[in-house]
Amino acid sequence: MSNLELEIKQLIIDSLDLEDLSCEDIDSEEPLFVDGLGLDSIDALELGLAIQKEYGVKLDSDSEENRKHFANVKSLAALVAQHRS
Amino acid sequence: MIKITFSVNAWTAQSPTIQGVDEWRAWSEGKNNLREETTASPKSIPPMLRRRLNPLGKLALSCFESLPEHQADAVVFCSEHGEVERTASLLSAIARHEDMSPTSFSLSVHNAIAGIYSIANNYEKPINAICAGPDSIFTTLIEAYSLLKDNHQQVACLIYDEPLPSMYLPAHQLGQQALAIALLISPSSRKAGSNEFELQGEPLKNTPAHTEQTAYPGEELIKFLLNSDAEMQYTSSGHHWTLKRSS
């Protein structure tokens, strides 16, 4: 697991108050929403805001691309890495 | 003047350091029995929903689920300010020109805790959320009484509030610690040995232009419920309330 993926897992736990989870409980390739981790639409907005605050990644709210970026931890890490390069 | 009678079938109360009637009795007798301060964790709420509650919401629902015979045909939630820490943090974010937390925003309505309760428990019966300033507790009893008159056999009241964040002080204060009180009431049965109560509310003739802040009546209500001889009097800015046993 990359450091960035670990960082994003911690960001998910902190920003979404997932107090009973630790980073090891989240699989990088597991879906974040509905199935898998079971997050909902409010979590999507909250996580979008956290990613924006933490990494300065601006997200277009209507973009179809967001679905791909927010699929799992791995795809979020790729989005942040791409923004940094 | 308003005058209503009802029976209290069960009640309980909880603060971060005191839980259940026995501990409140010891507290009222001045015994130092305080628990170490902990954040309540209502077991009937699944973790993915429980995380949406802040400490006051957790305290309120934890108190509610510890109410004996917790079967009610309707629930009246009562709070002067609700999860006010959440409101304060949203206002602070606006003041700093930051984006507001979408989660906090979605939960900043007065009936958010009632909503989470109903989702977690599949509760599809009537729920109201009352907020009437210093009259809140008494108007909640009147609301519950109205539901009893509307053919509900047993109505639960869940009363909860917490001290206000420092940004509001000293303008207003709500007690020293967060407090939740749950009551289960039914129509007055007039049977011997039942817990019959009478509430009287009288509008003040001359509403003072500026009244001194009266103490939050939550702890007074607990003392009243514990003591069979007690009568509870409370004057808000608009009403004088008397709660007493009627049998």
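Bear in mind that the values here come from a model prediction, so they are computed numbers and not experimental data.

A. Region of interest: the overall build of chain A. Looking only at helices and strands, chain A has four helices and zero strands in total. Order of helices (α) and strands (β) in chain A, N terminus to C terminus: α-α-α-α. Over its C-alpha trace chain A gives a radius of gyration of 12 Å, about what one expects of a compact globule, namely 12 Å for 85 residues. If you line up chain A on its principal axes, its C-alpha atoms span 30 × 25 × 20 Å. In chain A, which comprises 85 residues, the share counted as buried stands at 40%. In chain A, 7 positive and 20 negative side-chain charges are present, and the distance between their average locations comes to 8 Å.

B. Seen up close, the packing of aromatic side chains. Residues and elements named next belong to chain B. Under the definition given, this model contains nine aromatic pairs over all chains. On the basis of an interplanar angle of 85° and a centroid distance of 4.9 Å, the ring pair of W24 and W27 is categorised as edge-to-face. Of this pair, W24 and W27 both sit in helix 1 (residues 20-28), separated by three residues, roughly a single helical turn. Taken as a pair, W24 and W27 share a single burial class, namely buried. Relative to F77, the ring of F64 lies with its centre 6.3 Å away and its plane at 70°, an arrangement referred to as edge-to-face. Taken together, the positions of F64 in helix 3 (residues 55-65) and F77 in strand 2 (residues 74-78) put the pair 13 residues apart, joining distant regions of the chain. Each of the two residues, F64 as well as F77, counts as buried.

C. Region of interest: the sheet that holds strand 5 (residues 179-187) of chain B. All names here are of chain B. Within the open sheet, the eight strands sit side by side as 3-2-4-5-1-6-8-7. Their pairing is mixed. Each edge of the open sheet is held by one strand with a lone partner, namely strand 3 (127-130) and strand 7 (231-235). Going from strand to strand, the sheet's axes swing by 25° on average, the running direction of each strand aside. Examined bridge by bridge, strand 2 and strand 4 (residues 155-161) share five bridges and lie parallel to one another. Along strand 4, the bridge assignment pairs V75 with A156.

D. Fine view of the side chain of S79 of chain B. Residues and elements named next belong to chain B. When you line up the elements, S79 lands in the loop between strand 2 and helix 4 (84-95). Residue S79 is classed as buried on the basis of its relative accessible area of 0%. For S79, the side chain forms a polar contact with the main-chain nitrogen of G82, separated by 2.8 Å. Sequence-distant contacts of S79, defined by excluding residues within four places in its chain, comprise H110, I130, C131, S136, Y160 and D161.

E. Looking closely at empty space enclosed by the protein. Residue and element names in this part refer to chain B. Counted by the stated rule, this structure contains two cavities of 30 Å³ or more. Looking at the lining of the largest cavity, the elements with two or more residues in it are strand 1 (2-14) and helix 8 (218-226). Its residues placed into classes, the lining of the largest cavity shows eight nonpolar, no polar and no charged.

F. Layout of the interface of chain B and chain A. Taken together, the 14 residues of chain B in the interface contact 16 residues of chain A. Across the interface of chain B and chain A, roughly 1,100 Å² is buried in total on both sides, 46% from carbon and sulfur atoms. Run the count over chain B and chain A and you get four salt bridges. Across the salt bridge formed by R51 of chain B and D43 of chain A, the nearest N and O atoms sit 2.8 Å from each other. Remark: the boundary between chain B and chain A carries seven residue pairs in polar contact (both at pLDDT 80 or more). Secondary structure elements with two or more residues in the side of chain B that touches chain A: helix 2 (47-50) and helix 5 (102-106) of chain B. The greatest single-element share of the side of chain B that touches chain A, amounting to four residues, is contributed by helix 5 of chain B.

What counts as what
- Residues numbered from 1 in each chain as written.
- Chains lettered and ligands numbered in written order.
- Predicted model: local features only at pLDDT ≥ 70, side-chain atom pairs only at ≥ 80, totals over all residues.
- Heavy atoms only, no water.
- Helix = DSSP H or I, 4+ residues; strand = E, 2+ residues; numbered from the N terminus.
- Rg over C-alpha atoms; globule rule 2.2 N^0.38 Å.
- Buried < 20%, exposed > 50% of the residue type's maximum accessible area, 1.4 Å probe, protein only.
- Lys, Arg positive; Asp, Glu negative; His and termini not counted.
- Charge placed at Lys NZ, Arg CZ, Asp CG, Glu CD.
- Phe/Tyr/Trp six-rings, centres within 6.5 Å; stacked < 30°, edge-to-face > 60°.
- Pairing = 2+ DSSP bridges.
- Axes fitted to C-alpha atoms, helices over the stretch in contact; angles between N-to-C directions.
- Polar contact = N/O pair within 3.5 Å; in protein donor to acceptor, adjacent residues only side chain to side chain.
- Contact = heavy atoms within 4.5 Å.
- 1 Å grid on protein atoms, 1.4 Å probe; cavity = no way out; pocket = protein on both sides within 12 Å on 5 of 7 lines; lining within 4 Å.
- Points joined across faces, edges and corners; volume = space filled by probe spheres on them.
- Nonpolar A, V, L, I, M, F, W, Y, C, P; charged D, E, K, R; others polar.
- Buried area = accessible area lost by both parts, 1.4 Å probe.
- Salt bridge = Lys/Arg side-chain N within 4 Å of Asp/Glu carboxyl O.

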